[in-house]
Amino acid sequence: MATVSRRARLADVHELAIGMPFVNRVDGPRGNAVYQVGAKSFVFFRNPRPDAFDPDTGERYTDVIVIWVPSESDKLALVQDPDSPFFTTPHFNGHLSVLVRGSRIGELTEQELAEVIQDAWLSRASRKRAADWLAAHDVAD
């Protein structure tokens, strides 16, 4: 019988990101969490910015998380579905990342979130580290 993955929680973002190998957590300018591999960010909690805001109230979102993606096609696959919690803004045009509000993380399963964070790590890790991780997890490159 297949195991059903539970709904993701905000704490899972932190646990999954720091759980990847060779990861350091650094604090951003306002104490926001930034997860890096080889000094390259792959997940970070963004400070409120004018490009991500509530369309009804105009208030800036305070819970935006930036997650790197391997390619533009991966980005499009995540943001094109209007029911997806992932989105982007014009500020991120040409940037291989997606945005997600922490308040919407529960729309993902823990497994879906894990896959997105693992892909983010793989997209930013060195080739050797990525190849070693894939081999250790019996995942085809």
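Residues numbered from 1 in each chain as written. Predicted model: local features only at pLDDT ≥ 70, side-chain atom pairs only at ≥ 80, totals over all residues. Heavy atoms only, no water.

1. Let's talk about the pairing of strand S6 (residues 97-101)
Next, step 1: Of all five residues making up S6, four are buried, and the element is well covered by its neighbours.
Next, step 2: Where strand S4 (residues 64-68) lies against S6, five bridges are found, and the strand directions are antiparallel. Bridge assignment links Ile65 to a residue of S6, and that residue is Val100.
Next, step 3: Summarising the sheet, strand S5 (residues 86-87) and S6 pair through two bridges and their orientation is antiparallel. In the sheet register, Phe87 faces S6, and the bridge partner there is Leu99. (Buried < 20%, exposed > 50% of the residue type's maximum accessible area, 1.4 Å probe, protein only. Helix = DSSP H or I, 4+ residues; strand = E, 2+ residues; numbered from the N terminus. Pairing = 2+ DSSP bridges.)

2. A closer look at the side chain of Thr109
Next, step 1: Assignment of secondary structure puts Thr109 in the loop between S6 and helix H3 (110-124).
Next, step 2: Setting aside its immediate chain neighbours within four residues, Thr109 contacts Ser5, Arg6, Arg7 and Ala8. (Contact = heavy atoms within 4.5 Å.)

3. Re the sheet that holds strand S1 (residues 23-27)
Next, step 1: Read across the open sheet, the six strands follow the order S1-S2-S3-S4-S6-S5; overall the sheet is antiparallel. Looking at the sheet topology across the chains shown, the edges are occupied by S1 and S5.
Next, step 2: Across the sheet, helix H2 (residues 72-79) touches S5 and S6, and the angle it forms with S6 is around 25 degrees. (Axes fitted to C-alpha atoms, helices over the stretch in contact; angles between N-to-C directions.)

These figures capture arrangement, not role.
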